[in-house]
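An overview of the molecular structure
One-letter residues, chain by chain:
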Amino acid sequence: MKLKSTYLLLPTLSWLALSASAYAEPSKSIDRPGSESGAASGASTGLTSPPLALAMRFDCMHDFNASSGAAQNCISISGLRLTLSEQAAPNLRASLRLDPFSTPRPSRAESPLRTQLPSTSDTALGIVDQFKVVWTARPSLDLAIQSFDGAALPQTVSGLALGNQFMDAGWKQTALTLDYTLNVPMPLNVMLVAGNGEGQTLRAVTPQQYFGLQARMTIERYISLMLGVSANGNDAGSEESIYARKRVQADCSLTVNNGSSPHGHSTRRMAVGVVADGGIVGLDGFKVGLAWQGNTTKDLAINMSGDPTVSQLEQSRCQLDPDLVFIQQSGVLGSWRRTIVDASLKYRFSSGFFLAADYTTRRLSTNGSGTFKVCESDVDNQCLGQATGGQNQLNQAAWTAGVGATLAPDLQLTLEYYTASYDENYAHFYYAGANGRADKDFSLFNARLAYRWQ
């Protein structure tokens with residue numbers, strides 16, 4: 001089915017949902033994987049937000065890879081949200097959230113590592129972090145136009161700022177969503193999405209659109225299941241593709257061609273997540289989650305997407321972002337596959353303290369040969385050459401452990417330690433180390449103080 005047919009399906013799906021909801025029981029709240037509140041964020045729950053709400057967070061980091069004597073970020077502001085909400089009618093509401101420290105990449109919104117993230121200057125929305133206009137057509141059915149984060153992004157239950165750092169659902173976009181909740185016989189929430197495309201906010205820049213489906217189910221309150229799929233037709237000219245091209249040109253001192261080509265990449269995403277509540281075995285306050293995500297990005301035309309080539313990178317020594325980069329090979333219709341697995345847990349004590357942990361792995365693979373060059377020699381952790389041939393796969397792993405405490409009803413302190421590593425000393429995929437070294441390993445300690453941060 002072509003993506004442009006999505007808009008023809010939505011009216012029919014809306015009619016079916018309206019008809020089904022007429023026979024459904026009154027909607028119940030659904031525990032969302034990774035959600036602390038456990039309330040469904042889609043179909044109306046009858047709860048209203050205050051008309052004006054302020055939230056902020058502060059981070060104090062210690063980078064163990066930094067050079068001796070280098071400045072460390074303590075204390076830095078990583079979030080300053082002002083949310084305006086309005087209930088125009090019993091079945092019509094709107095909200096607008098402003099944050100000058102926000103990022104258009106939802107999967108990294110909680111990270112304290114902001115220097116390598118796109119900022120408000122990289123999106124047409126600027127400091128507008130989120131907006132939403134919601135019409136409740138039935139007690140269990142919401143139709144909305146909103147800033148959408150992505151349909152295939154499972155959340156970690158740990159609640160740690162550095163947890164689940166490898167999963168990605170693309171950039172924010174403007175989308176139309178249909179969100180309904182039914183009991184069949186257990187609470188089921190389904191969201192259908194039709195949008196401009198990942199990284200297309202104020203207007204569409206490609207003829208292909210975005211389609212997404214997300215389903216969440218709670219089984220007897222103790223087990224929550226999530227399934228998400230999405231298809232992004234073309235990223236050419238999107239804010240994400242423009243940012244990625246600028247990054248590689250600046251970091252690698254390269255000039256890439258076809259910047260205005262209508263042929264970019266298509267991306268298919270699929271995600272599955274399950275969360276188990278410890279109450280099922282009498283361990284109240286305990287949650288454990290397991291999630292899987294697979295993303296496949298493909299060229300729409302050979303040598304036309306404006307990405308760096310293998311031969312160009314052989315002449316340059318630079319650090320590439322595995323989340324953003326797409327390396328071409330001459331005469332090959334490229335395809336990149338990112339497969340991520342995340343396991344997380346959290347135990348909250350009645351006293352307000354909690355313990356949490358998160359473990360994530362990611363595998364990048366391509367259909368081309370020799371995409372990932374391994375360092376041929378290593379002196380003082382400096383890559384002096386590249387092994388011939390290379391390989392078409394790399395692996396990463398990361399784990400996070402943390403403790404936290406609720407200091408006041410709206411004030412939380414979290415301490416966490418994060419470490420990540422590549423499986424090889426790659427020529428272009430590494431972590432910045434001390435004195436300009438290229439490290440395969442990275443470690444960070446972070447203390448976060450959050451006020452009314454949801």
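Whatever comes next refers back to the structure up there.
Report on the accompanying structure. The structure presented is a predicted model; accordingly, all values stated were derived computationally and were not measured.

Under the counting rule described, the total for this entry stands at 2 disulfides. Two residues share a disulfide in this structure: Cys 252 and Cys 318, whose sulfurs sit 1.9 Å from each other. In this structure, the disulfide formed by Cys 252 and Cys 318 twists by about 80° around the S-S bond and is classed as right-handed. Taken together, the positions of Cys 252 in helix 2 (residues 239-252) and Cys 318 in the loop between helix 3 (310-314) and strand 12 (335-348) put the pair 66 residues apart, joining distant regions of the chain. A residue is classified by how much of its surface remains accessible, and Cys 318, at 2% relative accessible area, is buried.

Before going further, it helps to examine the side chain of Arg 216. You can see Arg 216 is positioned in strand 8 (residues 210-219). Buried and without a salt bridge, Arg 216 has Asp 179 as its closest oppositely charged side chain, separated by 8.0 Å. Engagement of the side chain of Arg 216 in a polar contact is seen with the side chain of Gln 214, the distance being 3.2 Å.

Attention now goes to the pairing of strand 5 (residues 141-148). Among the 8 residues that make up strand 5, 6 are buried, leaving the element largely enclosed by the rest of the structure. The pairing of strand 4 (residues 128-138) with strand 5 spans 6 bridges and is classified as antiparallel. The partner of Val 134 across the bridge, within strand 5, is Ala 144. Taken together, strand 4 and the strand that follows it, strand 5, pair antiparallel across an intervening segment of 2 residues. For strand 5 and strand 6 (residues 173-183), the ladder comprises 8 bridges, and the chain directions are antiparallel.

Time to look at helix 2. An ideal rise of 1.5 Å per residue puts 20 Å on 14 residues; helix 2 measures up with 20 Å between its terminal C-alpha atoms. Considered for burial, the residues of helix 2 that qualify are Glu 239, Glu 240, Ser 241, Tyr 243, Arg 245, Arg 247, Val 248 and Cys 252. Buried residues in helix 2 make contact with helix 3. Positive phi shows up at Ser 253, right after helix 2, with a value of about 55°.

Let us now look at the pattern of salt bridges. Per the counting criterion, the structure on display carries 15 salt bridges. Across the pair Asp 251 and Arg 247 runs a salt bridge whose closest N-O atoms are separated by 3.2 Å. Linking Asp 251 with Arg 247, this pair stays in helix 2, spanning 4 residues, or about one helical turn. For Asp 251, a relative accessible area of 38% translates into the label partly exposed. When salt bridges that share partners are traced, they join Arg 105, Arg 108, Asp 168, Asp 323 and Arg 362 into one network.

About the thresholds
Residues numbered from 1 in each chain as written. Predicted model: local features only at pLDDT ≥ 70, side-chain atom pairs only at ≥ 80, totals over all residues. Heavy atoms only, no water. Disulfide = S-S within 2.5 Å. Helix = DSSP H or I, 4+ residues; strand = E, 2+ residues; numbered from the N terminus. Buried < 20%, exposed > 50% of the residue type's maximum accessible area, 1.4 Å probe, protein only. Lys, Arg positive; Asp, Glu negative; His and termini not counted. Salt bridge = Lys/Arg side-chain N within 4 Å of Asp/Glu carboxyl O. Polar contact = N/O pair within 3.5 Å; in protein donor to acceptor, adjacent residues only side chain to side chain. Pairing = 2+ DSSP bridges. Expected span 1.5 Å × (residues − 1). Contact = heavy atoms within 4.5 Å.

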